[in-house]
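In case you want the letters, here they are:
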Amino acid sequence: MTFRIALSGLNAASTDLNVTANNIANSNTTGFKSSRAEFADVFATGALDFRSTQVGTGVRLASISQQFTQGNVAFTDSNLDLAITGEGFFTLQDASGFVYTRNGTFSVDREGMVVNSQNQRLQVYPSLATGGFNTGVLTDLRLQTAQSAPNATTSGDVLINLPANAAVPAVTPFNPNDPQTYNHTTSTAVYDSLGNLSTATFFFMKQPAANEWNVAMTIDGTQVGGQFPLNFSATGGLVTPAGGEVTFPSYTPPTGAQPLNITFDFGESTQYGGQFGVSSVTQDGYSTGRLTTIDINDTGVVFARFTNGRAVELGQLALSNFPNPNGLRQLGDTTWAETFSSGNVIRGEAGSASFGLIQSGALEGSNVDLTKELVNMITAQRAFQANAQMITTGDQIQQTILNIR
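This is a predicted model, so every value here is computed, not measured.

## With respect to the nonpolar core
Next, step 1: By size, the foremost hydrophobic cluster in this structure holds 24 residues, and its most contacted members are F202, F204, M217, I219, L230, F264 and F266.
Next, step 2: Breaking this core down by element, the ones donating at least two residues are β11 (155-163), β13 (197-206), β14 (212-219) and β16 (228-232).
Next, step 3: A total of four residues in this core trace back to one element, the largest contributor, which is β14.
Next, step 4: In contact with F202, not counting residues within four places along its chain, are V158, H184, T185, T186, T188, V215, A216, M217, F248, F264, F266 and V281.
Next, step 5: In this structure, F106, L122, L141 and V302 belong to the second largest nonpolar core, which totals 23 residues.

Below, the structure is given as structure tokens:
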């Protein structure tokens, strides 16, 4: 009996050392979660009453429990390096189905898919044309590498101040090439449907009647329509046109693009004493854009940013969690699979209930505490030595008995 009990102790200590060695070996593995060997004593069962003085028959391995505590987050230079601060796993898919990981080391394959080192594809909720994301569907995250389509200018805002004491131009009629026919001018960029840049220039002419002005517009030197009235109240606010919007006639660019139909809002413009001033002139068009970078915010929304200033939502990272993460099956390569013990997967977005936040340009390191593991190694070593000594002692006792004559 002594040999069997001590042997179980040797096996337990050996297993403890193996678990400790594996933890130490992975102390620098990104996304690694340490394990802990858990043991239970063993008693032989039988028809014994409560007064039994039965001695135990050794120790057995009860389980190897994974420790899903947070690892240290270290910053990197890649936007596709991702770390989860809090609970949850990245959701990946390969030919065998879904797998889960805390290792956020991702790259792009030749098809533009975001994958890990095992070519398992990162899963996201797809974006909707109306905004937001379809959280009922998972799809592979694919980086958009095509150019961003241009958008023709259709509207804009002009915020200026026209001087109330301005004089009527000395020369009439209005001629955009003759500065004596207008008082002031300002310009803004506009874009056609092909993304070509043009310059829209506004000309302001004081009228003989008090508080009355006219505005005209040219695009690349070509006048678009005639003059449009801008009438102000005695306190300097715009009263005509009603609502402040001036819709200019259609302009057909020579580039082969669709005609431009632009409405500019002058509603916030004023006529006060002092000098002519331009606070802002904006418009809603933009040119063709090339992909410059991929950004991922703390809620996992993936943006493709282009040179034209546009940011397109490519999807939102789908995080997964489980009622019992310790029940997950380890697959290696810092990935896990769902099991009956883990419970059914719970999916959601970063920052929502039961899920942490995403840190782009960072990686979660191993959660192994080296100091703790080295102490545990010494403890397991001492246990192994003690059980080995127990076998030696048992052998000596038996040898003594055999030598009795």
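Text resumes after the structure shown.
## Regarding helix α2 (residues 370-402)
Next, step 1: Given a rise of 1.5 Å per residue, 33 residues ought to cover 48 Å, and the 48 Å separating the end C-alpha atoms of α2 matches this to within 8%.
Next, step 2: Along α2, the positions that sit buried rather than exposed are E373, A380, N387 and G394.
Next, step 3: In the core, the buried residues of α2 are packed alongside α1 (2-25).

## Details of unusual backbone geometry
Next, step 1: Geometrically, the link from T172 to P173 is a cis peptide bond, its omega value of 0° lying close to zero.
Next, step 2: Structurally, the position occupied by P173 is in the loop between β11 and β12 (184-191).
Next, step 3: Following T240, the chain continues to P241 via a peptide bond in cis, the omega torsion being 5°.
Next, step 4: Along the chain, P241 turns up in the loop between β17 (238-240) and β18 (245-247).

## Considering the pattern of salt bridges
Oppositely charged side chains can form a pair if their charged atoms are brought close together.
Next, step 1: Inspection of every chain in the model, using the stated rule, returns six salt bridges.
Next, step 2: For K33, the salt bridge identified is with E364, shortest N-O distance 2.5 Å. Separated by 331 residues along the polypeptide, K33 in the loop between α1 and β1 (35-42) and E364 in strand β30 (residues 362-364) bring together distant segments of the chain. E364 carries the same exposure label as K33, and that label is buried.
Next, step 3: Salt-bridge contacts for D140 lead to R121; the nearest nitrogen and oxygen are separated by 3.1 Å. In this pair, D140 is assigned in strand β10 (residues 139-140) and R121 in strand β9 (residues 121-125), connecting sequence segments 19 residues apart.
Next, step 4: Residue R121 is classed as partly exposed on the basis of its relative accessible area, which comes to 24%.
Next, step 5: One network of salt bridges, with partners in common, ties together K33, R102 and E364.

## Some points on a nonpolar patch on the surface
Next, step 1: A grouping of F39, L61 and I64 is seen on the molecular surface, where their side chains present a nonpolar patch of about 230 Å² in accessible area.
Next, step 2: When you line up the elements, F39 lands in strand β1.
Next, step 3: You can call F39 partly exposed: its relative accessible area is 31%.

## Concerning the side chain of N231
Next, step 1: As for its placement among the helices and strands, N231 is situated in strand β16.
Next, step 2: With near-sequence residues (within four places) excluded, N231 lies in contact with N211, E212, W213, G237, L238, V239 and T240.

## Focus on the packing of aromatic side chains
Where two aromatic rings form a pair, the distance of their centres and the angle of their planes describe that pair.
Next, step 1: A full pass over the atoms with the stated rule returns 16 aromatic pairs.
Next, step 2: Between F68 and F89, the aromatic rings sit 5.6 Å apart at their centres with planes inclined by 80°, giving edge-to-face as the arrangement. One end of the pair, F68, is in the loop between β2 (58-66) and β3 (73-75); the other, F89, is in strand β5 (residues 89-94), and 21 residues separate them in sequence.
Next, step 3: The structure contains a cluster of three or more aromatic residues connected by ring pairs, namely F202, F204, F228, F248, F264, F266 and F276.
Next, step 4: Here R347 stacks its cationic end above the ring of F98, 4.6 Å away from the centre of that ring.

## Some remarks on the pairing of strand β6 (residues 97-101)
Next, step 1: For β6, the buried fraction is high: four of the five residues fall into the buried class.
Next, step 2: The pairing of β5 with β6 spans five bridges and is antiparallel. Across the sheet, the residue bridging to Q93 is F98, located in β6.
Next, step 3: Hairpin connection from β5 to β6: two residues lie between these consecutive antiparallel strands.
Next, step 4: Relative to strand β27 (residues 335-337), β6 is paired through two bridges, and the arrangement is antiparallel. Following the sheet pairing, T101 is matched in β27 by T335.

Conventions used here
Residues numbered from 1 in each chain as written. Predicted model: local features only at pLDDT ≥ 70, side-chain atom pairs only at ≥ 80, totals over all residues. Heavy atoms only, no water. Core = buried A, V, L, I, M, F, W, Y, C linked by side-chain atoms within 4.5 Å. Buried < 20%, exposed > 50% of the residue type's maximum accessible area, 1.4 Å probe, protein only. Helix = DSSP H or I, 4+ residues; strand = E, 2+ residues; numbered from the N terminus. Contact = heavy atoms within 4.5 Å. Expected span 1.5 Å × (residues − 1). Salt bridge = Lys/Arg side-chain N within 4 Å of Asp/Glu carboxyl O. Patch = residues over 30% accessible without salt bridge, like charges linked within 9 Å, V, L, I, M, F, W, Y side chains within 5 Å. Areas by Shrake-Rupley, 256 points an atom, 1.4 Å probe, with all protein chains shown as cover. Phe/Tyr/Trp six-rings, centres within 6.5 Å; stacked < 30°, edge-to-face > 60°. Lys NZ or Arg CZ within 6 Å of the ring centre and 35° of its normal. Pairing = 2+ DSSP bridges.

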